[in-house]
Each structure stands twice: as structure tokens, then as C-alpha cells.
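These are the residues of each chain, in order.
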Amino acid sequence: MKKMLVTLLSVVLCVSFLTACGDSGAGDVLTVGTNAEFPPFEYLGDDGQPDGFDVALIKAIGEKLGREVVIENLEFDSLVASIGTKIDVAIAAMTVTPERQEMVDFSDSYYEAVQYVIIPADSTIATAADLEGKTIGVQLGTTGDFIASEIPGVTVSSFKKAVDAVNDLINGRVDCVIVDRNPALVFAENFPGQVVSLEGVQFGFEPEYYAIAMPKGDTEMAEQINGALQELIEDGTFDELVATYIEQ
Ligand code: ARG
């Protein structure tokens with residue numbers, strides 16, 4: 001009997017030791033990078049703290065995983081390189097691209113997007129052909145930046161914040177801004193009558209897919225994040241967040 005108890009005790013000890021030392025990360029802080037300049041996905045709330053769809057989504061994922069989420073507000077083009085060092089993962093309306101996939105892994109995609117073109121209300125830009133000779137404002141290191149840079153005969157003006165590109169559009173320093181659909185709609189709404197946003201299909205832009213960027217090769221992290229994401233989709237939380245933050 002005594003022997004059995006000792007065995008049982010050592011099994012319990014072993015299991016708790018393994019659980020504590022396992023790299024499941026449960027209980028650990030999950031440090032998440034974003035660039036809180038991209039409404040409605042991420043922005044600074046009235047209290048100066050990062051808020052938005054992505055912030056709410058990653059907090060809900062953290063809750064499912066039993067990990068406290070700490071948000072680091074970084075420059076967008078520094079996020080990918082910071083994964084695994086300064087931050088554990090990044091959520092930043094980040095499009096899955098083959099170039100980024102060389103440096104990081106992506107979770108399952110959680111949102112479909114496309115680039116839009118914001119123009120002054122009196123602009124004649126309507127199709128891809130009209131972009132020739134124009135100056136295009138973009139956020140540095142974004143897919144909008146990559147797409148604009150591929151268009152022949154244009155000048156690309158890149159900004160650390162997407163909103164600064166929009167400000168230069170208002171000031172007449174750029175002819176249009178290429179930026180993701182939902183932020184384009186928000187920015188256009190902020191300058192009623194002054195700017196218009198045009199759908200990307202008119203310019204031949206392809207759909208893009210947002211996902212959470214994670215350390216390359218960390219399959220355990222990927223399983224946990226994808227599992228939590230799936231649960232949030234199934235229990236309706238995901239749709240609630242879309243309704244709260246995106247489809248207002
Ligand atoms: N979807 C675009 C990309 O991946 C833009 C994302 C910008 N996100 C941000 N939080 N500023 O390049």
C-alpha cells in the first residue's frame with residue numbers, strides 16, 4: 001500500500017513537473033505586436049490603449065489559452081522581424097504573403113481584404129490606367145506599398161502611418177492613397193465630401209487574407225492559436241467582434 005502511494009505521489013509530481021515545464025505557455029504572458037494606426041483593426045482608444053478588432057480578437061484567444069495578453073504598439077514594418085524576440089506573435093491586419101512566409105508562419109486566416117484607392121472628391125482617377133504618372137501614398141512595408149511599387153510610371157510616397165498618407169492626400173501632396181478596404185472606408189468617412197474611396201477590383205487588385213504571424217516552425221503555438229480561433233468562430237464570439245468593430 002505504502003509503495004503504491006509513493007508511486008502515485010511520484011506520478012503526480014512528475015505530471016505536475018512536466019505540465020509546469022512544458023512549453024505550452026499556459027499562464028505565461030503572450031506579448032503581441034501590433035501597429036495601432038489602422039482602424040477598425042487596431043487604433044488607440046480614448047484612454048490611449050490599443051483597441052480594435054484585432055486587439056479584441058487576440059485578447060479572446062489569450063483568454064482561451066489562459067494567457068494574459070500584453071500589446072506592444074510597434075511600427076508596422078518592424079513587426080515581422082520582431083517575432084520571436086521582442087514579441088511572441090503579431091496581429092496587425094497583416095496579409096499573408098510569400099515573402100513574409102519566409103520569415104514567419106501564419107495562423108489560419110481570419111479576414112478577407114483587398115486594397116482600395118482613396119482619391120480627392122474631384123479626382124478623375126477611376127481605373128489602373130489613370131494611375132500612370134501619379135504620386136501614390138502608402139503605409140511603409142504594407143501590401144499597398146508593394147502593389148503601388150509594381151505599378152509602372154508612378155511615384156510611391158511611403159509613410160510610417162497610413163493616416164499620414166491620407167493627410168498628404170488632403171494637402172494635395174499625393175494623388176491617391178492605396179490602403180486596405182476597411183481602413184480606407186474609415187479614413188474616407190473622416191473627411192466627408194473631401195475624399196472618396198474606390199473599390200480595388202476596378203484596379204485589378206486581388207483579395208488578401210489576414211492572419212496572425214507566429215514564430216517559424218512553432219507548431220505548438222500554431223495549434224493553440226488555430227484551435228482558439230476555431231473555438232471563437234464556433235461559439236459566436238468571432239461574429240460578435242465583427243459586428244462590434246467592423247460592421248457598425
Ligand atoms: N494588410 C496590409 C499588409 O499586410 C496592411 C496592414 C497594415 N496594418 C497596420 N496595423 N498598420 O501589409
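Right, let's walk through the structure included here. If you're wondering where the values come from, they're calculated on a predicted model, not measured in any experiment. (Residues numbered from 1 in each chain as written. Predicted model: local features only at pLDDT ≥ 70, side-chain atom pairs only at ≥ 80, totals over all residues. Heavy atoms only, no water.)

**A closer look at the site of the ligand**
Turning to step 1, where the next piece is worked out: Inspection of the region around the ligand gives 14 residues, with N35, A93, R100, T143 and D180 positioned closest.
Turning to step 2, where the next piece is worked out: In the environment of the ligand, an oxygen atom lies 2.8 Å from a nitrogen or oxygen atom belonging to the backbone of T95.
Turning to step 3, where the next piece is worked out: A distance of 2.6 Å is found between a nitrogen atom of the ligand and a side-chain nitrogen or oxygen belonging to D180.
Turning to step 4, where the next piece is worked out: If the ligand stood free it would expose 350 Å²; the protein chains cover 100% of that surface.
Turning to step 5, where the next piece is worked out: Spatially, the ligand is embedded in the largest cavity. (Near = heavy atom within 4 Å. Polar contact = N/O pair within 3.5 Å; in protein donor to acceptor, adjacent residues only side chain to side chain. Areas by Shrake-Rupley, 256 points an atom, 1.4 Å probe, with all protein chains shown as cover. 1 Å grid on protein atoms, 1.4 Å probe; cavity = no way out; pocket = protein on both sides within 12 Å on 5 of 7 lines; lining within 4 Å. Sits in = over half its atoms within 2 Å of the grid points.)

**Things to note about the pattern of salt bridges**
Charged atoms that come close allow side chains of opposite charge to pair.
Turning to step 1, where the next piece is worked out: Counted by the stated rule, this structure contains five salt bridges.
Turning to step 2, where the next piece is worked out: The partner of K64 in a salt bridge is D235, and the shortest N-O contact between them spans 3.0 Å. Of this pair, K64 sits in helix 2 (residues 53-65) while D235 sits in the loop between helix 8 (219-234) and helix 9 (237-246), and the two are 171 residues apart along the sequence.
Turning to step 3, where the next piece is worked out: Residue classification places K64 among the partly exposed residues on the basis of a relative accessible area of 36%.
Turning to step 4, where the next piece is worked out: Among the residues examined, D235 registers a relative accessible area of 39% and is labelled partly exposed.
Turning to step 5, where the next piece is worked out: The partner of D168 in a salt bridge is R173, and the shortest N-O contact between them spans 3.2 Å.
Turning to step 6, where the next piece is worked out: Given the relative accessible area of 12%, D168 is considered buried. (Salt bridge = Lys/Arg side-chain N within 4 Å of Asp/Glu carboxyl O. Helix = DSSP H or I, 4+ residues; strand = E, 2+ residues; numbered from the N terminus. Buried < 20%, exposed > 50% of the residue type's maximum accessible area, 1.4 Å probe, protein only.)

**Description of the layout of surface pockets**
Turning to step 1, where the next piece is worked out: Of the volumes computed, that of the second largest pocket is approximately 160 Å³.
Turning to step 2, where the next piece is worked out: As for the second largest pocket, its lining consists of T95, V96, I147, G204, F205, E206, P207, E208 and Y209.
Turning to step 3, where the next piece is worked out: Classifying every residue of the lining of the second largest pocket gives five nonpolar, two polar and two charged. (Points joined across faces, edges and corners; volume = space filled by probe spheres on them. Nonpolar A, V, L, I, M, F, W, Y, C, P; charged D, E, K, R; others polar.)

**What to know about the packing of helix 2 against helix 9**
Turning to step 1, where the next piece is worked out: For the pair helix 2 and helix 9, the least separation of the axes is 9 Å and the interaxial angle reads 155°. With respect to each other, helix 2 and helix 9 are oriented roughly antiparallel. Crossing of helix 2 over helix 9 shows right-handed handedness. Seen from helix 2, the contacting residues are F53, A56 and L57; seen from helix 9, they are F238, L241, V242, Y245 and I246.
Turning to step 2, where the next piece is worked out: Class assignment of the residues belonging to the contact of helix 2 with helix 9 gives a composition of eight nonpolar, no polar and no charged. (Axes fitted to C-alpha atoms, helices over the stretch in contact; angles between N-to-C directions. Parallel < 35°, antiparallel > 145°, perpendicular 65-115°, else oblique. Left-handed = near helix turned anticlockwise from the far one by under 90°. Contact = heavy atoms within 4.5 Å.)

**Considerations on the pairing of strand 12 (residues 176-180)**
Turning to step 1, where the next piece is worked out: With five of five residues buried, strand 12 is to be regarded as a mostly interior element.
Turning to step 2, where the next piece is worked out: Where strand 9 (residues 115-120) and strand 12 come together, four bridges link them in antiparallel fashion. Following the sheet pairing, Q115 is matched in strand 12 by D180.
Turning to step 3, where the next piece is worked out: Pairing of strand 10 (residues 135-139) with strand 12 involves two bridges; the strand directions are parallel. Residue pairing across strands places I136 opposite C176, the latter belonging to strand 12. (Pairing = 2+ DSSP bridges.)

**Some remarks on the packing of helix 2 against helix 8**
Turning to step 1, where the next piece is worked out: Packing of helix 2 against helix 8 leaves a shortest axis separation of 9 Å and a crossing angle of 105°. Here helix 2 lies roughly perpendicular to helix 8, going by the angle between them. Between helix 2 and helix 8, the contacting residues are L57, A60, I61, K64 and L65 on the first element and Q224, I225, A228, L229, E231 and L232 on the second.
Turning to step 2, where the next piece is worked out: Broken down by class, the residue content of the contact of helix 2 with helix 8 amounts to eight nonpolar, one polar and two charged.

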